[in-house]
Amino acid sequence: MADIAKMYELQKIDLTWEKVRRRLTQIKALLVESDELRALRQQTAATEAELHRLQTQQTNAELESASLASRITATEQRLMGGQVRNPKELESLQANVDALKRQRATVDGEGVEALVKAEEVNARLGQERTTLQQVEEKWRAGQSELTEEDAKMKRAYAQLKKQRENAAAALGAEQLKRYEDLRQRKAGVAIAVIQHNMCGACHVQVPTGIASAARNPEANVALCPSCGRILYAG
Ligand SMILES: [Zn+2]
């Protein structure tokens with residue numbers, strides 16, 4: 001006679017063990033940095049680079065403007081110094097001063113533009129850093145809960161492994177093989193509890209004869225005529 005109760009016990013352990021195994025896989029995936037956090041980190045780094053670029057642009061504009069200013073001063077000194085008398089040469093010096101001044105105005109304009117943009121980008125960077133910090137803190141808090149759960153699940157896994165070994169040993173080799181074969185073919189559920197003459201796995205009404213055979217410990221193993229699982233009266 002097959003000991004369905006022992007098989008059912010083994011199945012309960014197997015189903016719980018499977019759940020624990022699945023959760024452990026999930027936790028492993030969750031314990032890496034979230035997509036949201038990674039995206040925010042990338043965005044903040046990009047904004048930092050943009051700010052740096054604008055600040056460099058502004059500094060370069062200031063340096064170029066200062067250099068143009070001294071060239072303007074030097075040219076104006078030659079123009080006003082009285083050493084140059086040739087009208088053509090004076091005219092050319094004046095044209096040179098005008099061109100340098102126009103160039104300086106353009107450079108100053110670019111510098112101001114970079115400064116204004118840098119201020120905007122800096123404000124945005126501040127917001128992004130705040131958001132990043134908040135999301136990171138939340139993620140870290142969630143991670144510590146997950147780490148705890150991970151440890152708990154690993155302990156449960158080890159316990160269930162031992163329970164499984166004992167429950168499998170309580171069954172004879174032949175019954176264990178029958179259970180394993182059926183379990184593989186029936187999506188992990190070899191034993192179905194019968195309740196009100198209904199199969200607990202496929203929910204089909206079982207003929208009375210089979211239902212009472214399932215309840216009779218002296219009878220042969222009763223199978224659900226619909227799904228083929230072993231019926232257990234509990
Ligand atoms: Zn069934």
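Data block above holds the structure.
Residues numbered from 1 in each chain as written. Predicted model: local features only at pLDDT ≥ 70, side-chain atom pairs only at ≥ 80, totals over all residues. Heavy atoms only, no water.

**A word on the packing of aromatic side chains**
- For the coordinates displayed, the defined rule picks out 2 aromatic pairs.
- Relative to Y232, the ring of Y8 has its centre 4.7 Å away and its plane inclined at 35°; by these criteria the two rings are tilted. One end of the pair, Y8, is in helix α1 (residues 4–30); the other, Y232, is in strand β3 (residues 230–232), with 224 residues separating them in the sequence.
- Measuring from ring centre to ring centre gives 5.3 Å for W17 and Y157, while their planes differ by 40°; the resulting arrangement is tilted. Separated by 140 residues along the polypeptide, W17 in helix α1 and Y157 in helix α3 (residues 87–170) bring together distant segments of the chain. (Phe/Tyr/Trp six-rings, centres within 6.5 Å; stacked < 30°, edge-to-face > 60°. Helix = DSSP H or I, 4+ residues; strand = E, 2+ residues; numbered from the N terminus.)

**Some thoughts on helix α4 (residues 173–185)**
- Look at α4: 18 Å from first C-alpha to last across 13 residues, which is about the 18 Å you get at 1.5 Å a residue.
- Within the sequence span of α4, burial applies to Q175, Y179 and L182. The buried residues of α4 occupy one face: seen down the axis, they fall within an arc of 75°. Seen from the open side of α4, the exposed residues pointing more than 90 degrees away from its buried face are A173, E174, K177, Q184 and R185.
- On the buried face of α4, the contacting elements are α1, α3, β1 (191–195) and β3.
- In the stretch just after α4, A187 is the one whose phi turns positive, near 50°. (Expected span 1.5 Å × (residues − 1). Buried < 20%, exposed > 50% of the residue type's maximum accessible area, 1.4 Å probe, protein only. Arc of directions from axis to C-beta. Contact = heavy atoms within 4.5 Å.)

**Overview of the packing of α1 against α4**
- For the pair α1 and α4, the least separation of the axes is 11 Å and the interaxial angle reads 45°. Classified by the angle their axes make, α1 and α4 are oblique. Crossing hand, α1 versus α4: right-handed. From α1, M7, L10, Q11 and D14 reach across to α4, where they touch Q175, L176, Y179 and R183.
- Of the residues assigned to the contact of α1 with α4, the class counts are 4 nonpolar, 2 polar and 2 charged. (Axes fitted to C-alpha atoms, helices over the stretch in contact; angles between N-to-C directions. Parallel < 35°, antiparallel > 145°, perpendicular 65-115°, else oblique. Left-handed = near helix turned anticlockwise from the far one by under 90°. Nonpolar A, V, L, I, M, F, W, Y, C, P; charged D, E, K, R; others polar.)

**So, the coordination of the zinc ion**
- Protein coordination at the zinc ion: the donors are C199 (SG), C202 (SG), C224 (SG) and C227 (SG), at 2.3 Å from the metal.
- Coordination at the zinc ion comes from 4 donor atoms whose angles at the metal span 105 to 115°, giving a geometry best classed as tetrahedral.
- Each donor residue of the zinc ion belongs to the same chain, and together they define the spacing C-x2-C-x21-C-x2-C. Of the two residues, C224 and C227, neither departs from the other in class, the shared state being buried. (Donors = N, O, S within 2.8 Å, 3.2 Å for Na, K, Ca; no water. Tetrahedral: all angles 85-135°; square planar, octahedral: opposite > 155°, others 65-115°.)

**Overview of α3**
- Look at α3: 117 Å from first C-alpha to last across 84 residues, which is about the 124 Å you get at 1.5 Å a residue.
- Between the side-chain oxygen at the start of α3 and the backbone nitrogen of K88 there is a gap of 2.8 Å, and the oxygen is on N86. (Polar contact = N/O pair within 3.5 Å; in protein donor to acceptor, adjacent residues only side chain to side chain.)

**Some words on the nonpolar core**
- Residues M7, L10, Y179, I191 and I230 are the most contacted members of the largest nonpolar core, which totals 21 residues.
- Those elements that place two or more of their residues in this core are α1, α3, α4 and β3.
- Sorting elements by how many residues they give to this core places α1 first, with 9 residues.
- Once you skip the residues sitting within four places of it in the chain, I230 turns out to touch I4, M7, R178, L182, A190, I191, A192, V221, A222 and L223.
- By size, the runner-up hydrophobic cluster in this structure holds 10 residues, among which are A211, A214, A222 and C227. (Core = buried A, V, L, I, M, F, W, Y, C linked by side-chain atoms within 4.5 Å.)

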